[in-house]
Every structure is written in C-alpha cells, then in structure tokens.
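The primary structure of each chain is shown beneath.
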Amino acid sequence: MDEATLWETLTRVFQDTFEDDEITIGPETTAADIEDWDSLTHIQLMVAIERAFKMRFNTGEVASLANVGELVALVIQRSP
Amino acid sequence: MDGLRELIRLGQYDQAWSCLLEAGKTVTDYTRYASLCRWHKRLREKAPRRELAKTVRIALLGGATTELLEAPLRLAVESLGLGCQIQRASYNLFVQEMLDADSATAEFKPDVAILLGTHANIPVWPAQGDTLERVDVLVEQTCDHWLGLCARFNEHTPCEIVLNNFHVLPTRPLGNLGVKTPWDANNFLRRVNLALGDRAPAYVHINDVEGLAARYGVRQWFDERYWYLAKQPVSFECLVPYVQNTARIIGALFGYTAKCLVLDLDNTLWGGVIGDDGLDGIAIGEGDGVGEAYKAFQEYLLKLKQRGILLAVCSKNEEENALKPFIELPEMVLKRDDFVCFKANWEPKPNNLREIAAELNIGVNSLVFVDDNPAEREIVRQWLPEVRVIELTDDPADYPGILDDAGCFEITTLSAEDLQRVAQYQRNAERKVLQSSIGDYDDYLRSLDQKAVIRPFEAKHLDRITQLINKSNQFNLTTLRLSRSQVEERMRNPDMLTLYVRLADRFGDNGLISVFCGERVDDELNIQLWLMSCRVLKRGVEQLVCNYVVDKARGLGVSRLHGAYLPTAKNGLVRDLYPALGFVAMSNRHDDGTHWSLDPARYSPFEVSIQLAEDY
C-alpha cells in the first residue's frame, strides 16, 4: 500500500469512527485535537484500523497509540 | 452499503429503512455493522419509523463494558420488526441496580433486562483439590447468586430477564485432565451452565454464550487484549453474532419469530434436477458425499419440523416430477406428509409464497425462504421484502449451518402445541376435504363434533397464553402484547375477567386457541384483549366466547361491555367482528380505532355447534 492510499484509508476510518466527514488528519494529530477521541472511541478507532489494514496491534500499542504519526509509522512497519 | 447511502441521499427513506433492517439481520461483519449503526442513527434522525406494534424497553446490565453493544443491539432488535429503547447501567453496577427498587434501571420499567455476566463476575471459584461434593455446593451457590439477583429484581420490577451463561476459558491449565477434575475452572463453568439451564424460572431466558462461543471457537470469541484494556466481553469479530443472538431471544419473547420454512427442491433438497436427471440421476442419501450432504440437510429440516416449524415446498417443476422422489426414493428423509403445503408449478415464486401464507393463515413475514438459485432469492427479496431469504453457498454441506446460524426460529418456550402443530395443520387440510364433500356449512360444523373448554387463565397455560398473545396478528382486536409477567398479573387481578379456550374435534385436539381478557371498572367491562388462532376461524369459537363473556358479565352485574377494534396492517379480518356480534358503535371517543358497546340485557346468545366441556 502506498502512503497516499494509506492516508486516504486512515482518514476514512477516522471519519467513520467519529461520525464526522469533515475530519482531516496529519502526522501531528493527537487525541487532544479531536473532540470525541476518548478512551472508548479510542478502542473503536484501534479496532477499525486493525480491520481496515488487516493487522493486529499488541495490547501495549493499543493502549499507547494516541498520535497519528506513530500510528502511520506502525501501520507502514506492519504492512507486508 | 453504498445503496443505503444513495437511498438516504435521494430521500427514499422507506426503502432505506427496509434495506437497513434487512442488513441488520444478515450482516455479521463488525466493520460493516458499525457502519450500518451509523446510518441507523442518521436515518432515525431524518425519518423516524412509523408507529410500530411494539417498542421494547431494554435494560442492559453488565459486569463488562456494554457501551459498544448498545447501537448494534438496537439495530439487531429493530431489524426483527420491534421498536427499541435501551437503558444502559454503568459498568459493573448490576448488583446494586438490580437489588435497589429505586435504581435508575428499576425506574426505567424495562420489558426486558439483559444481564451480561462474565467469568470475572463469578463470586467464588473452587479451590484446588475441592471434592465433587464441594464443587456441587459452589455450583448451587453460583446459581443462587445469579438467579437470586434475577428474583429480587423481578419482585420489584416484573420483566423478562435474559441471562448470559459462561463460555469456557481460552486456557486449560490442567490440560485434558480438567475434564475429569471437578475443581478445574472449565469443568466448573460447564456445571454452572447446566445448573443455570435446569434452575432458571420461566421469566429467565438463558443467552447461550457457551454454545455460541463454541460455534466460533473461544479464541476467536474472546479477545484478551480488549478485555484487559476496556473490559469488552466479546471480541469485535463475534460482537455482531452475539447481539443478533441476544436480539433473537427478545424477538421471540414478543412473537417475532418465523413459523414456516419454504423450500425449493432441485439442488436444495437433493442434488440435480429431477425433471432432467430423473430418479436415478439425483443425489440423495448414503454412498455419495454430495448425496449425504443433502440427506443431512433433510435430517436437520426434519428436526425443525418435529419442534413445530411448518415446512412447505415451492419449486418450479411439474408436480408429478416433484413428487416422485418423495414417493419412490426410500433415501429421502423427508416425506410428502412432512410438508403442509406443496407448490410445484411454474408461477413466479413470490405468488406461491403469498398463497402459502394465505393457506396457512400466517403472515408473509412468518416465512423463511431457502433456494439454491440466487435469481429466485433475489426476486423474492425484491417482491416480498418481509420474507426472510437465506443466502446459501453453492455447497449443500453448508446448508444446515447457514440456516441454523440465521436463527429464524428462536423460541423461549416449547409448548405441547408446538410439538403437535404440524399434525394440526394437516388435520386442517383433511377438514377442508371433508368440507368440500358436504354441502351445508352448518352440517359440516355439526359433523366436526366440536368440544371446547373455557377457563380463566391458569398457571400451567401461561406460556402458551403469552405465546399466543405475542404472535397472533390477524384475529386480534387490540394487538396488545404482554410479557409473561404481565399475563400473570392479570391472572391474579380479581377485577380481570380472563379466559382461554381449548378446542377439540373429531380429527383431534386443536389445543389452546383463543384468549380473552377484560377489566371490570364499576359496572363496565372493558375488553383489553381478544384474539384467536386463525386455525379455527369460522368454527363458531368467537360466538361461543361472546356468549360466555356476556353470561359472565351478567353474573358480575356488568351493564355494559366496551370493546375496541384497533386496526393494524394485519387484523382487517376482525374489523367488523363487533357489529357482527351485535355490538353498537359508540360515538368516536378516540381516533385510534372503532369503539363498540353491548348491553348484556339485550343480548341473545348465538347458536354454536360446539359443546362446552369441563375437560376433554
């Protein structure tokens, strides 16, 4: 998956999870930037990302990933 | 999903709803379901559904996080045709909420409470080395804990309770020896599950999480990561099957369960096409893998039939050809007599399905359709969206599992009537033959030798009475749905005139077929509920009930009976029942239906060809 497609997919996942088609994300986006990003939507977001990219985060990753830049790095690293 | 988006964009909300609710029954993938839930929310805001026959109030209580279950559960319940209001208690507060008569959950006055416990809510586990006797005591105590909680809640808040049982744990510290070791955790959980099933009272319905988790595999069912991080009781892979399974129990409680399974023949009940391949060419029975797969499907269908599901055939075939395998092939598990309707012709299948529903006096939405041909499935979906269409694969070995997973026939009780139902419908067919050979209808009724028992509600019949109240649609004047607890309340209320009718005739017992309930207020009797199974339409039962009620009303000093006809999409049959029985129209006090009254003093009883009996 090239990086442009990755960003497109990830943006879609964010928009779906937070039910807001206006959301845009960048490497610097964190939980503080998105109003509804709380502990529960975080779980929904992680599950949606796992499923969209067909990969599995470990427990620590799910717990600590709160920054889109790190997320993208991890998705790239895990992609075949 | 894109179709749904487009329908909403175009403002075609009715179609969007039917598309959404169909998907709510069939989609099991979490990502797609989550997306459907978002559309569900938007659609509710844009175009709320019209008044539904029943809106269920559901209290969701859990020893796990239930937030993420709420929206999928709402969609799954609404997909069955019910409205739904959900009140969710906070994480792990279920004990307080259930014991306290003033809790938010109690004040919500739910119709159904879902109690979602997990292995983390087991109060005491066996200790290493505990004897079987000690483990049995703990099993009893565990059941006392859960069922006691249900009982206490039910005392102050009568409602149906859906209680989870427990899936086994994903690890086996004792390995295979656990099976021989009572204090082993999984050994213990299995005993608890069996005991819960044995001991649960009528208002507690076990949500068989153990069975469902086994169906998917515990490792897939339970995701430790999301349990540790957020106390999710079920993995996201299995979340949708879990809520759909839960929703089906709730649907069954209110009669939203299919009654008849309509089956295609060629490549559905046997391999090949009987008209082309002939008796020697079709695959059915032992000796050939494909034939065995079809045989296994027939065996599964026979089990459904034996528990009261009606089977019907709808096949594009010459009837003579279609019947041949049933008559001439001993390998066929199903026989012609197992089917209450047999349509083999070249008419479009939706027409045949409508006829089947009409002949059986059931709604089209009580039909489930199984056909290997995707084109036939599609035409039925389009023409008759109320029919539940099962999406098959091209492998007959998958058929039983697919049909089983669809869970269309969920029930919460199994009455003697269910077990005899097919025989009753077949006797009806015989009665129709008798009817055609006799000129005068009254002669026919007399020849039936009918006997009826009319009695007030009794505890032993509560299950059947509740079932009838919640599933009768056509001969039903008010379509008032009641939970078992509400029926029980009426049974105990001295101001209620309640009755049920059992009817037998020379062909056999029709079982409990009619229910009536009226409340006495001063010198008036207000009829709350009057319904009858359509199996016994035009037999004189309604006149008999009217005679009986008027007689009782006189005895109670009632000077006026008041009845209402509240129209629904299905009860047009009884629109004119009250005037036909001599009731007079009342000035329109309400705009919800028509209202009728009767002065018992001016009533002369109808003649009916039914003999009243104490018992038969």
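(A) A look at the pattern of salt bridges. Residue and element names in this part refer to chain B. Counted by the stated rule, this structure contains 38 salt bridges over all chains. We note a salt bridge from glutamate 6 to arginine 9, for which the minimum N-O separation is 2.9 Å. Note that glutamate 6 and arginine 9 are positioned in helix H1 (residues 2-9) at a spacing of 3 residues, about one turn of the helix. Classification of glutamate 6 by relative accessible area gives partly exposed; the value is 36%. Judged by its relative accessible area of 60%, arginine 9 is exposed. Here aspartate 463 makes a salt bridge to arginine 484, at a shortest N to O gap of 2.7 Å. One end of the pair, aspartate 463, is in helix H21 (residues 462-471); the other, arginine 484, is in helix H22 (residues 484-492), and 21 residues separate them in sequence. On the accessibility criterion, aspartate 463 (29% relative accessible area) is partly exposed. In this structure, a network of salt bridges that share partners links the residues Glu22, Arg377, Glu378, Arg381 and Glu391.

(B) Representation of helix H23 (residues 541-555) of chain B in the model. Residue and element names in this part refer to chain B. When the terminal C-alpha atoms of H23 are compared, their 21 Å separation across 15 residues agrees well with the 21 Å that a helix rising 1.5 Å per residue should span. Within H23, burial applies to Val541, Glu542, Leu544, Val545, Cys546, Asn547, Tyr548, Val549, Val550 and Ala553. Count one or two residues on from H23 and you reach glycine 557, which has phi positive near 75°.

(C) Unusual backbone geometry, seen in detail. The phi torsion at lysine 54 of chain A lies on the positive side, around 50°, for a residue other than glycine. Under the relative-accessibility criterion, lysine 54 of chain A is labelled exposed at 75%. Of note, aspartate 522 of chain B is a non-glycine position whose phi angle comes to about 55°, a positive value. Looking at where aspartate 522 of chain B falls in the secondary structure, it is placed in the loop between strand E13 (508-521) and strand E14 (524-532).

(D) Representation of helix H12 (residues 236-253) of chain B in the model. Residue and element names in this part refer to chain B. If you check H12, its first and last C-alpha atoms are 26 Å apart, about what 18 residues at 1.5 Å a residue would give, namely 26 Å. Buried residues dominate H12, accounting for 17 of its 18 residues. Of the residues flanking the end of H12, it is glycine 255, one or two places downstream, whose phi is positive at about 80°.

(E) View of the nonpolar core. The biggest cluster of nonpolar side chains holds 79 residues, and the ones touching the most others in it are Phe14, Ile49 and Phe57 of chain A together with Ile58 and Trp221 of chain B. Residues Ala258, Tyr300, Ile309 and Tyr399 of chain B belong to the second largest nonpolar core, which totals 37 residues.

(F) Region of interest: the sheet that holds E14 of chain B. Residue and element names in this part refer to chain B. Ordered in space as E16-E17-E15-E14-E13-E12-E11-E18, the 8 strands form an open sheet in which the pairing is mixed. Because the sheet does not close on itself, it has two edges, and the strands there are strand E16 (584-585) and strand E18 (610-612). Inspection of the sheet shows E13 paired to E14 by 8 bridges, in the antiparallel sense. Across the sheet, glutamate 519 pairs through a bridge with asparagine 526, a residue of E14. Packed on one face of the sheet, H21 meets strand E12 (496-505), E13 and E14 and runs near 80° to E13.

(G) Geometry of the sheet that holds strand E3 (residues 112-116) of chain B. All names here are of chain B. A sheet is described by the order of its strands in space; here 5 strands give the open sequence E2-E1-E3-E4-E5, paired in parallel fashion. Each end of this open sheet is capped by a strand with a single partner; those strands are strand E2 (83-88) and strand E5 (204-207). Within the sheet, the average angular offset between the axes of one strand and its neighbour, ignoring direction, is 25°. When strand E1 (residues 55-62) meets E3, the two strands line up parallel, connected through 5 bridges. Across the sheet, the residue bridging to leucine 61 is leucine 115, located in E3. Relative to the sheet, H12 contacts E1, E3, strand E4 (160-164) and E5, its axis offset from that of E5 by approximately 155°.

Criteria and thresholds
Residues numbered from 1 in each chain as written. Chains lettered and ligands numbered in written order. Predicted model: local features only at pLDDT ≥ 70, side-chain atom pairs only at ≥ 80, totals over all residues. Heavy atoms only, no water. Salt bridge = Lys/Arg side-chain N within 4 Å of Asp/Glu carboxyl O. Helix = DSSP H or I, 4+ residues; strand = E, 2+ residues; numbered from the N terminus. Buried < 20%, exposed > 50% of the residue type's maximum accessible area, 1.4 Å probe, protein only. Expected span 1.5 Å × (residues − 1). Core = buried A, V, L, I, M, F, W, Y, C linked by side-chain atoms within 4.5 Å. Pairing = 2+ DSSP bridges. Contact = heavy atoms within 4.5 Å. Axes fitted to C-alpha atoms, helices over the stretch in contact; angles between N-to-C directions.

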